[in-house]
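# Structural features, examined
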Amino acid sequence: MKTLLCLLLSTGLALAEEWKSADLRPMMGPGEGFQSTTLVTAGYAFIWLLVLAFVTSVWLRSRRIDRELRALEESIADPSRVER
Amino acid sequence: MKRDGLFGIAIALLAVAFVLVPSWILAAPLPLNPNGLPMAYAQKIFYFHVAVAWCAFLSVFVCAGGSVFQLAKRSPRGDAVAIAAAELVVVFGLCTLVTGPLWARKEWGVWWVWKDVRLVTMLILWITFLAYLFVRRYGGPGSEQLASGLALFGAVNVPIVYLSVFFWRTQHPQGKVVGSLDPAMRAPFWLSLAAFSILYGVLFFLRLHLERQRQRLAEAQLAAQDAGLVRW
């Protein structure tokens, strides 16, 4: 029984050393979770909001050009109808 | 229909990037600092910050290339490339200028250091391209030439921004950061860089398509007016 306990203990200690030294790193540094998370979220959200605003702006400008093109076509077809 | 298709592809790519890239990057293990402890979680900003700065620099050179064509050959296509790229310099430059201080607050304890040459030259670069857009918007006839000059001036500033850490003592780390990346940082870093480069490409072609549409409309309006087909 003593031998078994010693074996389990030594295996456990060896595994603990292995985990400590290798891949099992915590995802966040000690004592700095909330503020770091806020900064990362704020930075990433800012980038995506700006990109979405840019895409929306391009889309709206593209629609305006389409409207102007239609107005030009109408004015060519019937010059008396559209005056600018 | 063509425009709707383009916007559909753009939105789909944005959505994929919106889900995949942050999932990978935020789940990647944190690298260790010189003391052997994991870095602060704010280190994740590095992946976005460097990628958007890369897109801003790339866009500066694209804008400068278009401007050279515009100046040398009065090429409308070159002009369209230049103005599309200039808008993206402002977008990605602003992202760089916002994400940098967020990281600096955690890493250095301050939002901004006016004595840091890299920060200040990056701000000057961004203002230069903001000026480019103002000149194009309100400069009237001939503003293309002046704006092209501004774009070339901005392109000269890029090597100064990049090399400033070698010539002056700054808060930014000296040396080649990308070359000396921790192995845990390599995969998320390159993935992020690739994703943002694709994003840049999509946004650039959307904006370029818009500018070419605008130029064609202006040409059609002039032609119709010259031919007496419309009354203005």
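Residues numbered from 1 in each chain as written. Chains lettered and ligands numbered in written order. Predicted model: local features only at pLDDT ≥ 70, side-chain atom pairs only at ≥ 80, totals over all residues. Heavy atoms only, no water.

### Description of the overall build of chain A
- Counting its regular elements, chain A contains two helices and zero strands.
- Residues counted as buried form 21% of the 84 residues belonging to chain A. (Helix = DSSP H or I, 4+ residues; strand = E, 2+ residues; numbered from the N terminus. Buried < 20%, exposed > 50% of the residue type's maximum accessible area, 1.4 Å probe, protein only.)

### Some words on the overall build of chain B
- Counting its regular elements, chain B contains six helices and zero strands.
- Counting from the amino terminus, helix and strand elements in chain B follow one another as α-α-α-α-α-α.
- Within the span of chain B, comprising 232 residues, buried residues form 49% of the whole.
- The long-range fraction of contacts in chain B, counting pairs at least 24 apart against all pairs at least 6 apart in sequence, stands at 69%.
- Carbon and sulfur atoms make up 70% of the accessible area of chain B, which amounts to about 11500 Å² in all. (Contact = heavy atoms within 4.5 Å. Areas by Shrake-Rupley, 256 points an atom, 1.4 Å probe, with all protein chains shown as cover.)

### Regarding the pattern of salt bridges
- Counted under the stated rule, the structure contains five salt bridges over all chains.
- A salt bridge links B:Glu87 to A:Arg61, with the shortest nitrogen-to-oxygen separation between them at 2.9 Å. One end of the pair, B:Glu87, is in helix α3 (residues 76-107); the other, A:Arg61, is in helix α2 (residues 33-77), on a second chain.
- When the shortest N-O distance is used, the salt bridge between B:Arg207 and B:Glu87 registers 2.8 Å. (Salt bridge = Lys/Arg side-chain N within 4 Å of Asp/Glu carboxyl O.)

### Some remarks on the packing of aromatic side chains
- Enumeration over the complete set of coordinates arrives at twelve aromatic pairs over all chains.
- Summarising the aromatic geometry, the rings of A:Tyr44 and A:Trp48 are spaced 6.0 Å apart at their centres and angled 65° between planes, so their arrangement reads as edge-to-face. Residue A:Tyr44 and its partner A:Trp48 are located together in helix α2, separated by four residues, close to a single helical turn.
- Taking the relative accessible area as the measure of exposure, A:Tyr44 reaches 9% and is therefore buried.
- Since its relative accessible area comes to 5%, A:Trp48 is described here as buried.
- Taken together, B:Phe46, B:Tyr47, B:Trp103, B:Phe189 and B:Trp190 form an aromatic cluster joined through their ring pairs.
- The ring of A:Trp59 carries A:Arg63 above its face, with NZ or CZ at 5.0 Å from the centroid. (Phe/Tyr/Trp six-rings, centres within 6.5 Å; stacked < 30°, edge-to-face > 60°. Lys NZ or Arg CZ within 6 Å of the ring centre and 35° of its normal.)

### Observations concerning helix α5 (residues 143-167) of chain B
Residue and element names in this part refer to chain B.
- The end-to-end C-alpha distance of α5 is 35 Å, a good match for the 36 Å that 25 residues give at a rise of 1.5 Å each.
- Of all the bends in α5, the greatest measures close to 35° and is centred on valine 161.
- Within α5, burial applies to Ser143, Ala147, Ser148, Ala151, Gly154, Ala155, Asn157, Val158, Val161, Ser164 and Val165.
- On its buried face, α5 sits against α2 (45-73) and α4 (117-138). (Expected span 1.5 Å × (residues − 1). Bend = angle between axes of the 7 residues up to and from the residue.)

### Looking at the layout of surface pockets
- Taken as a whole, the second largest pocket holds about 990 Å³ of empty space.
- Broken down by secondary-structure element, the contributors of at least two residues to the lining of the second largest pocket are α2 of chain A together with α3, α4, α5 and α6 (183-226) of chain B.
- The biggest single contributor to the lining of the second largest pocket is α6(B), with ten residues.
- Along the lines of polarity and charge, the residues of the lining of the second largest pocket split into ten nonpolar, five polar and 13 charged. (1 Å grid on protein atoms, 1.4 Å probe; cavity = no way out; pocket = protein on both sides within 12 Å on 5 of 7 lines; lining within 4 Å. Points joined across faces, edges and corners; volume = space filled by probe spheres on them. Nonpolar A, V, L, I, M, F, W, Y, C, P; charged D, E, K, R; others polar.)

### Remarks on the nonpolar core
- Counting 74 residues, the largest nonpolar core has B:Phe92, B:Phe129, B:Tyr132 and B:Phe196 as the members making the most contacts within it.
- Of all the secondary structure elements, the ones that give two or more residues to this core are α2 of chain A together with α1 (2-27), α2, α3, α4, α5 and α6 of chain B.
- Other than its neighbours up to four places away in sequence, B:Phe196 contacts A:Ile47, B:Phe48, B:Ala51, B:Val52, B:Cys55 and B:Phe92. (Core = buried A, V, L, I, M, F, W, Y, C linked by side-chain atoms within 4.5 Å.)

### Some details on a positive patch on the surface
- Positive charge collects at one region of the surface, where A:Arg63, A:Arg64, A:Arg67, A:Arg70 and B:Arg137 lie side by side.
- The dominant element in the positive patch, judged by the number of residues it contributes, is α2(A), at four residues.
- Tracing the sequence through the fold places A:Arg67 in helix α2.
- When its relative accessible area of 45% is taken as the criterion, A:Arg67 is described as partly exposed. (Patch = residues over 30% accessible without salt bridge, like charges linked within 9 Å, V, L, I, M, F, W, Y side chains within 5 Å. Lys, Arg positive; Asp, Glu negative; His and termini not counted. Charge placed at Lys NZ, Arg CZ, Asp CG, Glu CD.)

### So, the environment of A:Ile65
- Looking at where A:Ile65 falls in the secondary structure, it is placed in helix α2.
- Between the alpha carbons of A:Ile65 and A:Val40 there is a distance of 38 Å; along the sequence they are 25 residues apart.
- In contact with A:Ile65, other than residues within four places in its own chain, are B:Leu210, B:Gln213, B:Arg214 and B:Leu217.

### A look at α4(B)
Residues and elements named next belong to chain B.
- Between its terminal C-alpha atoms α4 stretches 31 Å, which fits the 32 Å expected from 22 residues at 1.5 Å a residue.
- Buried residues of α4: Val117, Arg118, Leu119, Thr121, Met122, Leu125, Trp126, Thr128, Phe129, Tyr132, Val135 and Arg136, and no others.
- The N-terminus of α4 is capped by aspartate 116, whose side-chain oxygen sits 2.9 Å from the backbone nitrogen of arginine 118.
- The first or second residue beyond α4 is glycine 140, which carries a positive phi of 75°. (Polar contact = N/O pair within 3.5 Å; in protein donor to acceptor, adjacent residues only side chain to side chain.)

### Section: a nonpolar patch on the surface
- Together, B:Val156, B:Ile160, B:Tyr162, B:Leu163, B:Phe166, B:Phe167 and B:Trp168 make up a nonpolar patch on the protein surface, roughly 710 Å² of accessible area in all.
- Looking at where B:Val156 falls in the secondary structure, it is placed in helix α5.

These values are about where atoms sit, not about what they do.
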